[in-house]
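Structural overview for review
Now for the letters of each chain:
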Amino acid sequence: MASPPQYVMGTQGFASSWTENTVSELVACLDETGIKHYDSARLYPTGNPGAAEKLLGSIRRPDFVIDTKVLYRPEALRKEHMEESIRQSLESLGVKQVNTLYAHAPDKATPIAEQAANFDHFYKSGLFTSLGLCNYSPSQLSEWLEIAAEHDYIRPTVYQGQYNLFCRHYEKELFPLLHKHNIKFVANSPLAGGFLTGKLTFANGTEELNGTRFEQAEGNILGYLYRMWYDKAVFHDAVRELATLVDQAAVDNLSQVALRWLLFHSGLRSSDHVAVGPSNIAQLKEYLKARRAGPLPEELASQIDQLYEPLREEAAPMVEIGWWSF
């Protein structure tokens, strides 16, 4: 059996769920499991952009591998906007270079040829080692690859996007393109922002959602987005069906099954990564437990695969709208 994808620690919750007082405990737990790869963004956290990088920079060690994303805003990938964002990121992180620098989302106002040239400029300036794209369509990625080849620019070698048991639209067109060009995939939202825990479907009241990505609090952009994507009858029905399958198979809980499916039965390769964003140590242990548990029973994995087909039409817009890479 091929080894499952490695975990990357997503820092969207830094400076919100994780603070100066608690982050050292997180790092200690990650160290115990050999996780020293951190995925950040200038946008994190959404209510206080830049604070996550500052917190990460305060705990950074030479053995950390750090990725980040150019600040998402209008015309984000114009050269002067990129330069400002990269400079701020490096200063906050306390480094001269990051591992992977991502375009956080397609910049529709800036031609891809210009985007590719700009990234190449900053790559040749020594500010990052790998180029990543988030949430670009297969046609946009193909265009970028063609331009990079024509002009001898750095080409994208990492792609990050939302991928989980209910969001599988990438499998049809994008994954074959990534495999053809040997581009690594980083799956974010492995639990669909917590939807696959069943909390939203089986909640007895709004208080159960407090502290989750589905909390309906003022300014909770994540809550708005995740509800827009998942808070639909077809997805709630699928969660109930999944819960029934889990009970029948007597296999732990919804979270564990969703994570084990992603790690051992999905379209991910062992060279890919999964970005996890636990809000507390207990959640981190759930992610680690799933890796140790291994593949699901064959019959259960097959039944889970069949859950996606009725969701296909509703799931597609998640990729099309979902340019936020949380």
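Given the structure is predicted, the values throughout are model-derived calculations rather than measurements.

1. Side note on the environment of aspartate 31
With respect to the helices and strands, the residue aspartate 31 is situated in helix 1 (residues 23–32). Looking at aspartate 31, the relative accessible area reads 27%, which means it is partly exposed. For aspartate 31 and isoleucine 86, which are 55 residues apart along the polypeptide, the C-alpha to C-alpha distance reads 27 Å. Once you skip the residues sitting within four places of it in the chain, aspartate 31 turns out to touch Lys36 and Arg61.

2. Digging into the packing of aromatic side chains
Tallied over the full model, the rule gives 18 aromatic pairs. Seen in terms of ring centroids, tyrosine 7 and tyrosine 287 are 6.0 Å apart; in terms of plane orientation they differ by 75°. Their pairing is edge-to-face. Of this pair, tyrosine 7 sits in strand 1 (residues 6–10) while tyrosine 287 sits in helix 11 (residues 281–293); the two residues are 280 residues apart in sequence, bridging distant segments of the chain. One exposure class covers both tyrosine 7 and tyrosine 287, and it is buried. With 6.5 Å between their ring centres and 90° between their planes, phenylalanine 195 and phenylalanine 235 make a pair best called edge-to-face. Taken together, the residues phenylalanine 195 in the loop between strand 7 (184–188) and helix 7 (199–202) and phenylalanine 235 in helix 9 (residues 233–249) connect sequence positions 40 residues apart.

3. Comments concerning the sheet that holds strand 8 (residues 273–276)
In a beta sheet, neighbouring strands pair by backbone hydrogen bonds and run either parallel or antiparallel. If you trace the eight strands once around the closed barrel, you get 1-2-3-4-5-6-7-8, paired in parallel fashion. Across the sheet, the mean angle from the axis of one strand to that of its neighbour is 30°, orientation sign disregarded. Note that strand 6 (residues 156–162) and strand 7 share five bridges and pair parallel. If you follow tyrosine 159 over to strand 7, its bridge partner there is phenylalanine 185.

4. Let's talk about the environment of glutamate 32
With respect to the element layout, glutamate 32 can be found in helix 1. Its relative accessible area of 70% is what places glutamate 32 among the exposed residues. Linking glutamate 32 and leucine 191, residues 159 residues apart in sequence, is a C-alpha distance of 23 Å.

What counts and how
- Residues numbered from 1 in each chain as written.
- Predicted model: local features only at pLDDT ≥ 70, side-chain atom pairs only at ≥ 80, totals over all residues.
- Heavy atoms only, no water.
- Helix = DSSP H or I, 4+ residues; strand = E, 2+ residues; numbered from the N terminus.
- Buried < 20%, exposed > 50% of the residue type's maximum accessible area, 1.4 Å probe, protein only.
- Contact = heavy atoms within 4.5 Å.
- Phe/Tyr/Trp six-rings, centres within 6.5 Å; stacked < 30°, edge-to-face > 60°.
- Pairing = 2+ DSSP bridges.
- Axes fitted to C-alpha atoms, helices over the stretch in contact; angles between N-to-C directions.

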